[in-house]
Amino acid sequence: METLPGNVSGYHNSGTPPRGGSCAQIGRVFEETPFHGWPVDFRPCDWGIISAYFCTPNYFPGYTHWGIDLASYWSPDGSETINGRDLLVTTDFGRVKQAIATVPPQYNFGMGNFVQIEAWLKNTETGAWLCTEDPNADYDAGHFEACWAAQSPLPSGCTGNAEADWQNGLLGMCYRRRVGCAEPPDPRVDEANGRLEDCWKPSGWKATYMHLMDITVEPGQWVFYGEVIGHVDNTGNSTGPHLHYQINAPAELGIGAIDPAPTFGCPAYDWQDGVSKGK
């Protein structure tokens, strides 16, 4: 977490604001989106606490709302508030891309204190998740290098060249099975074993949590579904305690922000009904 000195005030441009999107994405379901679930420990699946939908026409004039805002539930006695509630990781495996908090809180392109998480996925291209106990089978399957390493020192007759040793029928003698991808899956273990790139890859999908009270994670930190990464507040460009939650697709797709609501997995999402109520 980047915490700036207490005497800093006014505008601060640390971090990179998430890109915009297209209102054509309203309600669109992206099956490949690795983010899922309600992002705050407060009134799960209660559409009543949504104060601004994706691309709502009821937003501030001149601005497009590229996320979804979750705000306080107005209970009859006024006892319930989202302020200070836990923010939850919404991808199975992720790494903190940005985590910026300032003392006092800064504007940060309107985001205030914020966290951005990039989802990571299994790397199925290397074959590291498919290794067997048979070097010849893995060689035939085309993922020998991800599964086997040359013995050190090389036994007599071994060349250290997999193709040559395979042709000579020496794979079983010349190579040892490499440490496999962690089971249950855990990129921290694979990273410690030097297998991160063999077993995992960044997906390019990012979720950003804005207007936070504090941040409990640091850039580069691994995070897992349901973990707490900070707390809701009112920092940045905000008129009251709320979470702005935004999901951005990989840059190569050219989509930018998508509608987060379908990723919640909650029934009865109705964008038209919401905006008719001024949200």
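Residues numbered from 1 in each chain as written. Predicted model: local features only at pLDDT ≥ 70, side-chain atom pairs only at ≥ 80, totals over all residues. Heavy atoms only, no water.

Engineer: How should I be thinking about the side chain of Thr 91 in this particular structure?
Structural biologist: Locating Thr 91 in the fold gives a position in the loop between β4 (86–88) and β5 (93–102). Given a relative accessible area of 2%, Thr 91 falls into the buried group. Here the side chain of Thr 91 touches Pro 34 through a polar contact of 3.2 Å, landing on its backbone oxygen. (Helix = DSSP H or I, 4+ residues; strand = E, 2+ residues; numbered from the N terminus. Buried < 20%, exposed > 50% of the residue type's maximum accessible area, 1.4 Å probe, protein only. Polar contact = N/O pair within 3.5 Å; in protein donor to acceptor, adjacent residues only side chain to side chain.)

Engineer: What's the story with a nonpolar patch on the surface in this structure? I'm lost.
Structural biologist: On the surface, Tyr 11, Tyr 107 and Phe 109 cluster together to form a nonpolar patch covering roughly 310 Å² of accessible area. Here Tyr 107 lies in the loop between β5 and β6 (113–122). Overall, Tyr 107 belongs to the partly exposed group, its relative accessible area being 35%. (Patch = residues over 30% accessible without salt bridge, like charges linked within 9 Å, V, L, I, M, F, W, Y side chains within 5 Å. Areas by Shrake-Rupley, 256 points an atom, 1.4 Å probe, with all protein chains shown as cover. Salt bridge = Lys/Arg side-chain N within 4 Å of Asp/Glu carboxyl O.)

Engineer: Hey, could you run me through the nonpolar core in this one?
Structural biologist: Of all hydrophobic cores here, the largest spans 40 residues; its most connected members are Val 40, Leu 70, Val 115, Tyr 209, Ile 229, Leu 243 and Tyr 245. Secondary-structure elements contributing two or more residues to this core are β3 (68–71), β5, β6, β9 (200–215), β11 (228–232), β12 (242–248) and α7 (271–276). For this core, the element with the highest residue contribution is β9, accounting for five residues. (Core = buried A, V, L, I, M, F, W, Y, C linked by side-chain atoms within 4.5 Å.)

Engineer: Looking at this model, I keep getting lost on the state of the cysteines. Mind explaining?
Structural biologist: With the rule as written, the count across this model stands at five disulfides. Each sulfur in the disulfide pair Cys 131 and Cys 147 lies 2.1 Å from the other. Between Cys 131 and Cys 147 the disulfide shows an S-S torsion of about -85°. By sign, it is left-handed. Separated by 16 residues along the polypeptide, Cys 131 in the loop between β6 and α1 (135–141) and Cys 147 in helix α2 (residues 144–147) bring together distant segments of the chain. Residue Cys 147 is classed as buried on the basis of its relative accessible area of 1%. Along the protein chain, the cysteines that take part in disulfide bonds pair up as 1-3, 2-10, 4-5, 6-7, 8-9, counted in sequence order. (Disulfide = S-S within 2.5 Å.)

Engineer: Whenever I open this one, the pairing of β5 confuses me. Can you help?
Structural biologist: Where a strand is regular, its side chains alternate between the two sheet faces. In terms of burial, β5 is largely enclosed, as nine of its ten residues are buried. As paired strands, β5 and strand β10 (residues 222–224) are joined by three bridges and run antiparallel to one another. Opposite Phe 93, over in β10, you have Phe 224 as the bridge partner. Of the pairings in the sheet, the one linking β5 to β6 comprises six bridges and is antiparallel in character. Paired with Ile 100 across the strands is Phe 114, a residue of β6. (Pairing = 2+ DSSP bridges.)

Engineer: Honestly, the pairing of β9 in this entry has me stumped. Any pointers?
Structural biologist: With eight bridges connecting them, β6 and β9 associate as antiparallel partners. Residue Val 115 lies in a different strand from β9, and its bridge partner there is Tyr 209. The pairing of β9 with β12 spans five bridges and is classified as antiparallel. Opposite Tyr 209, over in β12, you have Tyr 245 as the bridge partner. With three bridges connecting them, β9 and β11 associate as antiparallel partners. Residue pairing in the sheet places Leu 212 in a bridge with Val 232 of β11.

Engineer: When you look at the side chain of His 65 in this model, what are you seeing that I'm missing?
Structural biologist: Its place among the elements puts His 65 in the loop between β2 (50–52) and β3. Within the local environment of His 65, its side chain forms a polar contact with the side chain of Asp 69, the two groups lying 3.0 Å apart. Those residues in contact with His 65, other than ones at most four positions away along the chain, are Ala 52, Tyr 53, Phe 54, Cys 55, Thr 56, Tyr 59 and His 244. (Contact = heavy atoms within 4.5 Å.)

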